[in-house]
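Each chain is listed here by its residues.
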Amino acid sequence: MAPIHLTVQHPDFDTVHVTVQGSLDLARAYDFDDAMRRIERDAPGRVLLDLRGLDFLDSTGLSRLVALRRRCRRTGRRLVLVRGSYAVQRLFAVTAMNEHFELVRDPAELLATA
């Protein structure tokens, strides 16, 4: 199993843009969580998490996204997710999590408001 891969960019002074590639599932969820905690240490006011590169998301991976949302709220950060594939978005819809996250179709939608 290949590890999950995160790419971190800083498109402006107040945003960290994290692109996720691979599968966010039971085998990789806690690696993702550890990596995000390291990124959060120096993160500015907005975290833009791009899910377009996710091949697969299961309930454990989704729970790590919920935990990230909780941490962002607690620290006053804005978390925005870039919609993933149909399968990823289907999991969000089936679990009604799409109602609990701020979702955009393209990173430019958020960055244009910076």
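Here goes a summary of the coordinates provided. (Residues numbered from 1 in each chain as written. Predicted model: local features only at pLDDT ≥ 70, side-chain atom pairs only at ≥ 80, totals over all residues. Heavy atoms only, no water.)

1. Concerning the pairing of strand E1 (residues 5-12)
Line of reasoning, step 1. As paired elements, E1 and strand E2 (residues 15-24) share 6 bridges and run antiparallel to each other. From the neighbouring strand, Val8 faces E2, where its bridge partner is Val18.
Line of reasoning, step 2. Connecting the antiparallel pair E1 and E2 is a turn made up of 2 residues. (Pairing = 2+ DSSP bridges. Helix = DSSP H or I, 4+ residues; strand = E, 2+ residues; numbered from the N terminus.)

2. Here we look at the sheet that holds strand E5 (residues 102-104)
Line of reasoning, step 1. With respect to topology, 5 strands assemble into an open sheet ordered E1-E2-E3-E4-E5, the strand pairing being mixed. Here the strands that pair on one side only, and so sit at the sheet edges, are E1 and E5. Pairs of neighbouring strands in the sheet enclose a mean axial angle of 25°, with direction left out of account.
Line of reasoning, step 2. Strand direction decides the pairing type here: E2 and strand E3 (residues 46-57), joined by 9 bridges, are parallel. Considered in E3, the bridge of Leu24 is made with Leu57.
Line of reasoning, step 3. Against the sheet, helix H1 (residues 29-41) makes contact with E1, E2 and E3, and its axis sits at roughly 170° relative to E2, the strand it touches most. (Axes fitted to C-alpha atoms, helices over the stretch in contact; angles between N-to-C directions. Contact = heavy atoms within 4.5 Å.)

3. Overview of the nonpolar core
Line of reasoning, step 1. In terms of nonpolar packing, the biggest core is built from 29 residues, with Phe32, Met36, Leu49, Leu51, Leu57, Leu65 and Phe92 touching the most fellow members.
Line of reasoning, step 2. Of all elements in the fold, only E2, H1, E3, helix H2 (59-75), strand E4 (78-82) and helix H3 (86-94) reach the threshold of two or more residues within this core.
Line of reasoning, step 3. Leaving out residues up to four positions away in the same chain, Leu65 has contacts with Leu24, Phe32, Leu49, Leu51, Leu57, Phe92 and Phe101.
Line of reasoning, step 4. Membership of the second largest hydrophobic core comes to 5 residues, among which are Val80, Val82, Val104 and Leu110. (Core = buried A, V, L, I, M, F, W, Y, C linked by side-chain atoms within 4.5 Å. Buried < 20%, exposed > 50% of the residue type's maximum accessible area, 1.4 Å probe, protein only.)

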